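Reading the structure
Okay, here's what each chain looks like letter by letter:
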Amino acid sequence: MSITTRFAPSPTGYLHIGGARTALFSWLYARKHGGSFILRIEDTDLERSTQESVNAILEGMTWLGLEYDQGPFYQTHHFDRYKEIIRQLLDQGDAYYCYCTKEELESMRAEQMANKEKPRYNGKCRDLKEHPQGRERVVRFKNPTEGVVTIPDLVKGEIVVANKELDDLIIARADGSPTYNLTVVVDDMDMKVTHVIRGDDHINNTPRQMNILQALGAPVPHYAHLPMILGSDGARLSKRHGAVSVMQFRDDGYLPEALLNYLVRLGWSYGDQEIFSIDEMVEYFRLEDVNVSASTFNTEKLLWLNHQYIMNSDPAHVARHLSWHIGQLGIDPSEGPALMDMVLAQRERCKTLVDMAAAGQYFYIDFDHYDEKAVKKNFTQGSGEVLAKLYDRFAEVTSWEGDVLHQIVAKLAEDLGLGMGKVAQPLRVAVLGTSVSPGIDITLKLLGREKTLSRIRRAIEFIKNLN
Ligand code: GLU
């Protein structure tokens, strides 16, 4: 059997962490089995769906690299098809018009509550012989009243629901528009989806959807319901917990692979392995190994993973992502060292690309002030002289290489009988405005001759004017 999965977000907001994990698991399952992965935009709620959200979802999928084989399909393009199916269900006696007014439904509910019964539609219009004219009407699915629906859930195991627990749900509203359960069923059927992988907030819909599929004579797909993602306080992950939009993680300096790796471990495990390449994820992923219980989002662990990826990925790849962040700072990366060299110089110390861009920006543009504390500590009248001597020696260098530059600093320290720090620290502050930077040899090499010399000159002037 060829496998087809789908990710079916409603475009009512950005692509969030929970949605991205659902997308990833559906994508992995399709990839693992050489199947097809569909992106379906469930945009039938015209009031809440926005083009902006559609764009945000597409952007998130692209950034994560979760490419789809079919779609994006838009449910709003399928209204005729939904109408056709609603008609079919009416014609074959599996759906009926319901004329109950809001007031009637409310009093039905009040009565059931008073009798300590579960509120549900009581089937009043189910077998109407006479149809009132000119009354507003909805269409309800005629749910079987007997027997049970068994969901052989691939994550949660078998779930059995009695049909008498399910009332006749509305499949078309008074204006004729189809409801969620109907549109999902029609598309899953038409798109020949074999595996529905989605959040367990949909579990109550599943037996209803299975009943509709059965009424349509369509094959029932396999279902896998993924457990929730919780915030550190145990409540369902939401904006309150900080970043939950996938694109926010890009903005905060995460690599997409790090986020994918984090997401795959959020509710799935393979022994105690933490780091997975995409190929390994595809190879090892099994729905049977998805946890049954909810998992907790842990920002610290994500940050750790991000650092691992920054340190161990191909520096050219990291540089491509860094380039975006450098661009965000309004910096032209051609005004300084190759970004790949920047990555190699900074990757041990920077856990995010935002940190790396911030730490590296003054290799490209001038800083406008020195860090105050660094000045206090490292800029003394004596350091002005040290810098002047360094300037003279650097000015004579013909080969601007790390080891040569390092030698000059070390030799001057020796000549002046000073510790290395007494020379290297003022130099750092002079060239980058702060005392935090990679090794002095790498720093100067990356900065280049011209910037180094002009910044030392500037620092000498600055120190002269200090007192
Ligand atoms: N559109 C639904 C949602 O965003 C998902 C429907 C489904 O996966 O069946 O929650």
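The structure reproduced in this document is the subject of the present report.

Calculation criteria
- Residues numbered from 1 in each chain as written.
- Predicted model: local features only at pLDDT ≥ 70, side-chain atom pairs only at ≥ 80, totals over all residues.
- Heavy atoms only, no water.
- Helix = DSSP H or I, 4+ residues; strand = E, 2+ residues; numbered from the N terminus.
- Buried < 20%, exposed > 50% of the residue type's maximum accessible area, 1.4 Å probe, protein only.
- Contact = heavy atoms within 4.5 Å.
- Polar contact = N/O pair within 3.5 Å; in protein donor to acceptor, adjacent residues only side chain to side chain.
- Near = heavy atom within 4 Å.
- Areas by Shrake-Rupley, 256 points an atom, 1.4 Å probe, with all protein chains shown as cover.
- Nonpolar A, V, L, I, M, F, W, Y, C, P; charged D, E, K, R; others polar.
- Phe/Tyr/Trp six-rings, centres within 6.5 Å; stacked < 30°, edge-to-face > 60°.
- Lys NZ or Arg CZ within 6 Å of the ring centre and 35° of its normal.

**A word on the side chain of Ser383**
Note on placement: Ser383 falls in helix α15 (residues 381–395). For Ser383, a relative accessible area of 4% puts it in the buried group. For Ser383, the contacting residues outside a window of four places in its chain are Asn378, Pro426 and Ile463.

**So, the side chain of Arg126**
As for its placement among the helices and strands, Arg126 is situated in the loop between α4 (102–114) and β5 (138–141). There is a polar contact of 3.0 Å between the side chain of Arg126 and the backbone oxygen of Asn143. Residue contacts for Arg126: discarding those within four places in its chain leaves Tyr96, Lys142, Asn143, Thr145 and Asp168.

**Re the site of the ligand**
As a structural note, the neighbourhood of the ligand is formed by Arg6, Ala8, Pro9, Ser10, Glu42, Tyr180, Val184, Arg198 and His202. Taking Ala8, its main chain carries an N or O atom lying 2.7 Å from a nitrogen atom of the ligand. Between the ligand and Arg198, the relevant distance is 2.7 Å, taken from an oxygen atom to a side-chain nitrogen or oxygen of the residue. Relative to its unbound accessible area of 300 Å², the ligand is 81% covered by the protein chains. Of the residues contributing to the shell around the ligand, the split by class is four nonpolar, two polar and three charged.

**Here we look at the packing of aromatic side chains**
Taken as a whole and judged by the stated rule, the model has 17 aromatic pairs. Aromatic side chains Tyr262 and Phe297 sit 5.1 Å apart centroid to centroid with 80° between the ring planes, which places their arrangement in the edge-to-face category. Taken together, the residues span a long stretch of sequence, with Tyr262 in helix α8 (residues 256–265) and Phe297 in the loop between β12 (295–296) and α10 (299–312) at a distance of 35 residues. What makes Phe297 buried here is its relative accessible area of 8%. An aromatic cluster is present here, built from Phe25, Trp268, Tyr270, Phe276, Tyr284 and Phe285 joined pairwise through their rings. Here the basic side chain of Arg21 rests over the ring of Phe25, its NZ or CZ set 5.7 Å away from the ring centre. Stacked on the ring of Tyr121, the Lys or Arg Arg140 has its end atom at 3.6 Å from the ring centre.

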